[in-house]
Amino acid sequence: MGKGFDRPALSTKLRPPSTGVRHMARPRLAESLTKSGNFRLALISAPAGSGKTTLLSDWYQALLDGAGGAAWLSLDALDNAPRRFFANLIASIQKVQPHFGKVALEFLAANPDVLLEDLTESLVHDFGSTNSPVAVFLDDYHEIRDRTVHAAVDHLLRYMPANIRFVVGTRRDPPLSVGRFRIRGELLEVRWEELRFDVDETREYLGGVCALRLSESQVRTLCARTEGWITGLQLASMAFPGTEDAGRFVESFSGDHRNITDYLLESVFRRQTPVVRNFLLKTSILDRMTAPLCDLLTGRPDGQQSIEMLENGNLFVFALDDRRTWYRYHNLFADFLRSRLRTELPGETAELYDRAGEWFERNGFPTEAVRYAVAGNRLQRAARLLETAGRELFRQGDFKELRRWLDALPESVVSRSPVLCVLHGWALGYLGEFGEARRRIACAEGAVGRQGGAGGGSSTPEGAVGAELQVLRAVLGIIQSDEPDVSGLSPGIVSLFSRDEPVLRGYASITLGFASRSRGDLPGALRHFQEALGESETGDSSLVNLNARLNIGIVNYLMGRARDAEERFRDSLEYARKRLWLRSIGAAFLRYGLALVLHEKYRLGEASAELSEAIAFLEASDAFGFLGMALVERARVQSTLGKGDLAAADLAQARQVARRHDVLRVSFRADLLESRMAVDANDPGKAVGHLASAEKALGGRRRSRNSSFGEKEELCLAERLRLLLLLGKFGEAAKLGEKSFRSAEAAGRGRNVIEFLVLRSAAWNGLGMEDKALAGLERALLLAGTGGIVLPFTGAGRGLIPLLRRIAARPKVHAAASGILSALEGRRDPVGGPTAGDRTDETFHHREIQILELISRGLRNREIGRRLFLSEETVKWYLKRLFCKLSVITRTEAVATARRRGLLA
C-alpha cells in the first residue's frame with residue numbers, strides 16, 4: 001500500500017468504547033430501534049453526554065448477537081482528511097465483509113489524486129455485491145467538518161442498496177440530505193427527547209446501577225434538575241456524599257457544581273469560538289430567549305443565526321414553540337453559564353438584567369419584567385410592575401409564583417401598596433397561610449388609610465379595595481373551614497366592582513353562593529355560582545371561571561343529580577382543555593369534583609386516577625388548603641377499594657397538611673373517614689373517638705329555623721348512624737335516621753336524602769320492621785337510579801344484601817338493585833371500574849381507548865401524558881389496568897388484542 005496507508009486503522013476506532021461498570025440497558029430504546037422498519041439513515045443527534053454512544057454500542061452489539069452485519073468507526077478530527085476517512089471506513093466494513101473496498105484501496109494506494117467520485121462509485125459497487133444486510137455505525141460524526149467528506153458520505157447514502165444502512169451519532173445535525181430521507185420515510189431519528197432518562201430509568205440507574213439510597217422525591221428532583229441528561233446523573237452519582245446528606249445534596253445540585261462545571265467547561269464551552277462564548281454568557285440570564293432580545297443583550301444583529309447555530313449544534317438549546325421563536329437553555333447548562341458570567345463579566349450582570357426587564361415590559365410581558373427587575377435590584381420598578389403582573393397571576397391562580405415575587409420584595413415596599421397587600425393576602429390564603437393572609441388584610445387597610453383615599457372612591461375601604469378585602473375574608477373561611485366569613489358580605493357587593501373587573505365580580509358572586517349554601521339554600525347558591533360563571537366568561541381568568549364551574553357541579557352533586565354533575569365536570573374539563581387551562585389550579589379543582597361523583601357511582605379506578613392528577617398538580621402548586629381535601633378523598637376511594645394501607649398513607653399526609661397549615665376542614669373530614677374505617681373494621685371504640693373529634697369541630701351548632709341541620713352536621717350524622725348500627729342500637733338509629741332524612745329533604749340535599757333513607761332502612765331492618773325497610777330502600781333506589789348513585793348503598797355494608805335480593809325483582813328498581821348487589825357481593829364493578837377486590841370487567845373508558853390509540857403510534861408514556869394532560873404515573877396506572885383487561889403483558893400485545901376486539905381501527 002502507498003505512502004500514508006502502511007498502517008491499519010487503530011483497532012480501538014473499529015469497535016465501540018467500553019460501556020463501563022455503570023452501564024444500564026434501556027429496553028425502551030432498544031425495542032424502538034429493533035422495530036424501526038426500513039430506513040437508509042439513522043440519525044442519533046443530541047447534546048454532549050446524552051448517551052448517544054452507549055445507545056449505538058448496545059444496538060451494534062445486538063446486531064452482532066443476532067448474527068447481523070455491523071461495522072463500527074469512531075471518528076476524530078484526523079478523519080477530516082478524506083483519504084484517511086475512507087481508509088478507516090473501508091477497514092471497519094472489512095471486519096464484516098473482508099473483500100469489501102479492495103479496489104478502492106488500490107485506487108488510493110496507486111493514485112494520491114484519485115477523484116472521490118470514482119472512489120465512492122467503487123464503494124457503491126461493492127455495497128451492491130453484498131447480499132447480506134450491513135449497518136455501518138459512524139460515531140462522533142460532529143468531528144467531521146470537511147465538505148469533501150460530507151459530499152462523499154451523502155453520495156454513498158443516496159446510491160447504496162437497500163440492504164446497507166448508515167447509523168450516525170453526532171452532537172449536531174450533519175450537512176447531509178437529511179430532509180430528502182425524511183420526506184421519503186427513509187430516516188430514523190433519535191434525539192434528545194428520546195434519549196433523556198424518564199423517572200423510571202432515573203430510579204433504576206441511581207438505585208439499581210449506582211446503588212444510591214434515595215427517596216422517591218429525591219429521585220424525581222434529580223431527574224427534573226438534570227432533565228434526564230445521563231451525564232448529569234452520572235456526575236451527580238459520582239459526587240453523592242452519602243445517605244445522611246442526600247437531601248441537602250439533591251436540593252443544591254446545579255450547573256455550578258464542580259463536576260458539572262468541569263465537564264461542561266472542557267467538553268462544551270471551551271470548544272466554542274470567542275463570539276459564541278460571549279453570546280452564551282450574555283444570554284444566560286434569560287429563562288427564555290428570542291432573537292431581538294438576544295440582539296439587545298449582545299449588541300450584535302445576529303441573534304437568530306446564533307440561536308439556530310446553537311440548536312443545530314445540539315448545544316443544550318431547546319425550542320419552546322413550533323415556530324422556532326422562543327428558546328431556552330438546559331437547566332444545568334444555564335446554571336453553568338451564569339456562574340461563568342459572574343466570573344468573567346462581573347460588572348455587566350446588573351445591566352443585562354436591566355435591559356432584559358425593559359425589553360419584557362416594552363413588549364407586553366409584565367410578569368417576566370418583574371423577574372428581571374428583582375434580579376437587577378430595581379425594586380420600586382418591580383413593585384410597580386407587580387401591581388399589574390400580580391393581577392394576571394391571580395387571575396390564573398398561579399399563587400405560588402405570585403407569592404414568590406412578593407416575597408422577593410422588601411416588606412417596606414409591599415406594605416405601602418394596598419394592591420400588593422391584597423394580592424399577597426390572596427396568595428397566602430390559597431397556599432394555606434391563613435394567619436399571614438389575615439395580617440395582610442389588616443396591612444392593606446392600613447395602606448389605604450395612609451393614602452387618605454387617594455385615587456378616588458374605588459380606593460377607599462368602602463369602595464373596591466374594601467369590597468375585595470371582604471371577599472378575601474370570606475374565601476379564607478371557605479378554604480380553611482368551609483365556613484365563609486359573611487359578616488361583611490352584602491347582597492349588593494358585586495355592584496361595588498366595576499364592569500371592567502369581571503374577575504372580582506365573579507369572585508364576589510362565588511362568595512355569595514357559598515353563603516347561600518351554608519344556609520342550606522342550594523337553589524340560591526346555584527344561581528350565584530351561575531352568575532359568577534357568566535361574569536367570568538367575559539374575562540380571561542381560569543381561576544374564577546373554573547371555580548364557578550366546580551361549584552355548579554358540586555351543588556348538582558349535593559342535590560343528588562350525579563349524572564348532571566358528571567356531565568358538567570366533564571364539559572368543564574373539555575372547556576379547560578380548549579382554553580389551554582388544564583395545567584391550572586382550577587382544573588385540579590374540577591378533577592377533585594369529578595372524582596367525588598365517580599366515587600358515588602362506584603367507578604373507583606377513574607376516581608382514583610382523577611384524584612392522582614389533581615394531587616400531583618396541587619402538590620406542585622403548594623395549594624395546601626385544597627391538597628388536603630383531595631388526599632382525604634383519595635383515601636376514601638382507597639378505603640372503598642379495600643386498600644387500607646394506601647388509605648392510611650393518604651390520611652397521614654392529609655393530617656400533616658392540616659396540622660402544618662391549620663386547615664380545619666381537612667382534619668374534620670379525616671376524622672369522619674377514620675370513624676367510617678373503624679366501623680368497617682368493627683372497632684367501635686376507635687370510631688367513637690374520631691367521631692367525637694369531628695363533632696367537636698362543629699362547635700355545638702344547632703339546627704336552623706327551617707329544621708335542617710347544616711351540611712357538615714349531616715356528614716357527622718351519617719357516621720353517627722353507622723356507629724349506632726354497628727352497636728346494634730337500632731331504635732336510636734331509626735329515630736336519628738328520620739330526623740336526618742327530614743333535614744336533608746328540607747335542605748334539598750338529594751344525595752344525603754338517599755344516604756339517610758338507606759341507613760334508616762338498615763335500622764328498621766334491625767328492628768324487624770322489614771316492610772318499612774323495603775319501602776325506604778325502594779324509595780332510595782328510585783332516587784339513586786336516576787343519577788347512577790351507588791356508594792350510599794355499598795357504604796351501608798353487606799347487611800343490605802338480603803333486602804336488595806328481595807327488592808331486585810321489582811321492575812322499577814331491578815337494574816339499580818342488581819348493580820349494587822354485584823358491587824356488594826364483590827362480583828364486579830357495576831359501572832366499569834375496579835371493585836373492592838380490584839377486579840375489572842370488559843368495559844373500556846374513553847381515556848383507555850385514547851391511550852391505546854397513542855401507544856399504537858409508538859408514543860412513550862411521557863408523550864402520551866403530554867398529549868392527554870396526564871402525569872406519567874397516571875398513564876402507567878391506565879396501562880396496568882388495560883393490560884389486565886386485555887390479558888396481555890406488553891404494549892404490542894395490547895395493541896394487537898385491541899385491534900382484534902375492534903377497539904382500534
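Structure's up top.
Residues numbered from 1 in each chain as written. Predicted model: local features only at pLDDT ≥ 70, side-chain atom pairs only at ≥ 80, totals over all residues. Heavy atoms only, no water.

### Topic: the pairing of strand S3 (residues 134–139)
Part 1: Counting buried positions over the 6 residues of S3 gives 6, a clear majority of the element.
Part 2: Side chains Val134, Val136 and Leu138 project from S3 onto one buried face, and the interleaved Ala135, Phe137 and Asp139 project onto a second face that is buried too.
Part 3: Bridge count between strand S2 (residues 69–74) and S3: 6 bridges; the pairing is parallel. When the sheet's bridge partners are listed, Gly69 is paired in S3 with Val134.
Part 4: Chirality of the crossover, the property in question, places the unit of S3, helix H6 (residues 147–159) and strand S4 (residues 164–170) among those that are right-handed. (Buried < 20%, exposed > 50% of the residue type's maximum accessible area, 1.4 Å probe, protein only. Helix = DSSP H or I, 4+ residues; strand = E, 2+ residues; numbered from the N terminus. Pairing = 2+ DSSP bridges. Right-handed = clockwise from strand over helix to strand, strands pointing away.)

### Notes on the environment of Arg473
Part 1: Inspection of the secondary structure puts Arg473 in helix H25 (residues 464–481).
Part 2: Not counting the four nearest positions on each side in its chain, Arg473 is found in contact with Ile441, Glu445 and Asp485. (Contact = heavy atoms within 4.5 Å.)

### Re the packing of helix H27 (residues 522–537) against helix H28 (residues 542–558)
Part 1: Contact geometry of H27 with H28 gives a least axis separation of 8 Å together with a crossing angle of 155°. Between H27 and H28, the angle falls in the class roughly antiparallel. When you trace H27 past H28, the crossing you get is left-handed. Between H27, through Leu522, Ala525, Leu526, Phe529, Gln530, Ala532, Leu533, Ser536 and Glu537, and H28, the contact on the second element is made entirely by Val544, Asn545, Ala548, Arg549, Asn551, Ile552, Val555, Asn556 and Leu558. (Axes fitted to C-alpha atoms, helices over the stretch in contact; angles between N-to-C directions. Parallel < 35°, antiparallel > 145°, perpendicular 65-115°, else oblique. Left-handed = near helix turned anticlockwise from the far one by under 90°.)

### Some remarks on the environment of Val465
Part 1: Following the sequence through the fold, Val465 ends up in helix H25.
Part 2: C-alpha of Val465 to C-alpha of Leu604: the two residues are 139 residues apart in sequence and 44 Å apart in space.

### Observations concerning the packing of helix H11 (residues 230–239) against helix H13 (residues 258–267)
Part 1: Where H11 contacts H13, the axes come no closer than 9 Å and their chain directions differ by 140°. For the element pair H11 / H13, the angle class is oblique. Here H11 runs over H13; the crossing is right-handed. Along its contact with H11, which presents Thr231, Gly232, Leu235, Met238 and Ala239, the element H13 presents Asn259, Ile260 and Tyr263.

### So, the side chain of Thr640
Part 1: Within the secondary structure, Thr640 sits in helix H32 (residues 624–640).
Part 2: Here the side chain of Thr640 touches His599 through a polar contact of 2.9 Å, side chain to side chain. (Polar contact = N/O pair within 3.5 Å; in protein donor to acceptor, adjacent residues only side chain to side chain.)

### Section: the sheet that holds strand S5 (residues 187–191)
Part 1: One open sheet holds the 5 strands; their spatial order is S2-S3-S4-S1-S5, and the pairing between them is parallel. The outermost strands of the open sheet, each flanked by one partner alone, are S2 and S5. Going from strand to strand, the sheet's axes swing by 15° on average, the running direction of each strand aside.
Part 2: In terms of strand pairing, strand S1 (residues 41–45) meets S4 through 5 bridges, oriented parallel. Bridge pairing in S4 places Ser45 opposite Thr170.

Without other data, these values stay purely geometric and don't point to any function.
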